[in-house]
Amino acid sequence: MTVTTKYWPAEQTRSGIIEAAAVLAAGGIIAFPTETVYGLGGDARSTEAVERIFAAKGRPSDNPLIVHIARSEDVEKLAERINDLERELMSAFWPGPLTLVLPVLPGAVSNLVTAGLDTVAVRVPAHEVARELIEQSGCPLAAPSANRSGRPSPTQARHVMEDLNGRIDGVVDGGETGVGLESTVVRVVDGKVHILRPGGITREKLQDAVGSIADVVSPESTAHSAEVASEAEQTHAPRSPGVKYAHYAPKGEMLLITGEWDKLVPIVQAKAAAAGGRGCKVAILSSTEHVARYQADAVFDCGPREEPEKAAHSLYALLRECDELGVNYIVAEGYPEEGIGAALMNRLRKAAGGCEITAG
Ligand code: TXA
Ligand code: MG
């Protein structure tokens, strides 16, 4: 079904929020900015709205959605039991890019939101537009990232339009998102915080706030295929159903080069040249330090090695740009896996579908 997608430009954010909130209250679906990426929201209590979200994205129905609320106290309407550690996490990181998986209060949201699980993922976004939209609509908003399934998450309203124009009721443009990668998804099991998906709140910050983080072999960081995910499942570690799907894939092939910093350049350049020799249109995702040393059809500066937050902020937009340019081979430099660098490398690995070479 094709619908007319209303677009509210950044100059009309105010009136956009008011109109979009009314559409949400009436069961419609609206894309909006958060501090991580754009989300595609609908009333989490309405099965019809949530069905439309899955259909617009082309998302498999066994991958549950995050419910977004405007105020921390509203979590009581969604979750059945909340323990002290969970409350500590909420007071430390909400509003902000942390999603907590909690036991769901039966009947609080449509079964489609939780994909039939007995848990619900909840977060309070820090973006003013998101919070006002939730507040004014009066709905808890089920909102996955506002991309077609398998495409990079949108960090600008125009990315949403590229993917979903004609499939959703509207897009509120609130400018570029900040973090650029999705929220960290955690679950507390047996008194320990398990990271199901690395993201905007780093492992180090979680550790500072609550002490120890359980050493789970995170299926998210290794699962590139359903088989790997189901192996991880057998270990009984809590997991995020989303991890088994290929995500964030650019249209072209991608190769990630990690390892010793001063040995990266010759390998990256050789792989790019070889792909060029095979007739590929080649792009390199480079650190600022190395950018002048590369030659390819496109060389993108992702930011300094010691500032992975810059690369995190721009990664998805650059992957989309590669698609637009018709790039069919991307070589990307790895970043150190500290701080937001861990989430960045997780997304780079997913985009590369496991193709990685370690220099050194
Ligand atoms: O930053 C974000 O988290 C963005 C913005 C829009 O808030 N949203 C987002 O949603 O990334 P989505 O649907 O693309 O990713 C949600 C992740 C998936 O990996 C899903 O499997 C996991 O959260 N998830 C949702 N409910 C869960 C649950 N009950 N148990 C375990 N994992 C869950
Ligand atoms: Mg997503």
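Residues numbered from 1 in each chain as written. Chains lettered and ligands numbered in written order. Predicted model: local features only at pLDDT ≥ 70, side-chain atom pairs only at ≥ 80, totals over all residues.

Per an unreviewed UniProt entry, the chain goes by Threonylcarbamoyl-AMP synthase and derives from Cohnella luojiensis. Entered under Subcellular location (unreviewed entry) in the UniProt record, the comment concerning the chain runs "Cytoplasm". Recorded in UniProt under Sequence similarities (unreviewed entry), the annotation for the chain is "Belongs to the SUA5 family." (UniProt positions renumbered as here; feature names shortened; annotations may be inferred.)

Peer 1: Help me understand the UniProt feature "binding site: ATP" (unreviewed entry) in the chain, please; the structure alone is not making it clear to me.
Peer 2: Sites flagged by UniProt as "binding site: ATP" (unreviewed entry) map to Arg 59, Asn 63, Thr 119, Ser 145, Ser 153, Arg 197 and Tyr 248. The named residues occupy 190 residues along the chain; their greatest pairwise C-alpha distance, 24.9 Å, places them well apart from one another. Along the polypeptide, Thr 119 turns up in strand S6 (residues 119–123). On the basis of neighbour counts, which here come to 17 C-beta atoms within 10 Å, the residue Thr 119 falls in the partly exposed class. Excluding its chain neighbours within four sequence positions, the residues that come into contact with Thr 119 are Val 101, Leu 102, Pro 103, Val 104 and Thr 114. Summarising the element assignment, Ser 145 is placed in the loop between strand S7 (141–142) and helix H6 (157–164). Residue Ser 145 is classed as buried on the basis of its 28 C-beta neighbours within 10 Å. Once you skip the residues sitting within four places of it in the chain, Ser 145 turns out to touch Val 37, Tyr 38, Gly 39, Ser 153, Pro 154 and Glu 182. (Helix = DSSP H or I, 4+ residues; strand = E, 2+ residues; numbered from the N terminus. Buried ≥ 20, exposed ≤ 12 C-beta atoms within 10 Å, placed from the backbone. Contact = placed C-beta atoms within 7 Å.)

Peer 1: Can you walk me through the sheet that holds strand S1 (residues 6–8) in this structure?
Peer 2: In any sheet, the strands associate via hydrogen bonds between backbone groups, in a parallel or an antiparallel arrangement. Taken in spatial order, the ten strands line up as S1-S8-S2-S3-S7-S4-S6-S5-S9-S10 in an open sheet, and their pairing is mixed. The two strands at the open ends of the sheet, each matched to only one other strand, are S1 and strand S10 (192–197). Summarising the sheet, strand S5 (residues 98–103) and S6 pair through four bridges and their orientation is antiparallel. Looking at S6, one finds that Leu 100 is bridged to Val 122. Contacts from helix H5 (residues 128–137) reach strand S2 (30–32), strand S4 (66–68), S7 and strand S8 (170–172) within the one sheet, and its direction differs from that of S2 by about 145°. (Pairing = 2+ DSSP bridges. Axes fitted to C-alpha atoms, helices over the stretch in contact; angles between N-to-C directions.)

Peer 1: Help me understand the UniProt feature "binding site: L-threonine" (unreviewed entry) in the chain in this model?
Peer 2: Here the UniProt feature "binding site: L-threonine" (unreviewed entry) sits at Thr 36, His 68, Arg 123, Ala 143 and Ser 183. Across 148 residues, the annotated set stays spatially compact, with a maximum C-alpha separation of 12.7 Å. Its place among the elements puts His 68 in strand S4. Those residues in contact with His 68, other than ones at most four positions away along the chain, are Gly 39, Gly 41, Arg 123, Pro 125, Ala 130, Ile 134, Leu 141 and Ala 143. Topologically, Ser 183 is positioned in the loop between S8 and strand S9 (184–189). When neighbours within four sequence positions are excluded, Ser 183 is seen to be in contact with Thr 36, Pro 97, Leu 98, Thr 99, Arg 123, Gly 199 and Gly 200.

Peer 1: Explanation requested: the domain arrangement of the chain in the structure shown.
Peer 2: Reports often express the size of an interface as the amount of accessible area lost when the parts come together. Taken as a whole, the chain is organised into domain 1 (6–172), domain 2 (185–244) and domain 3 (253–359). Contact residues are listed per partner, giving 19 residues for domain 1 and 14 residues for domain 2. The element contributing the most residues to the side of domain 1 that touches domain 2 is helix H3 (residues 84–93), with six residues. Tallied by class, residues from the side of domain 1 that touches domain 2 come to eleven nonpolar, five polar and three charged. (Domains from an automatic or database assignment. Nonpolar A, V, L, I, M, F, W, Y, C, P; charged D, E, K, R; others polar.)

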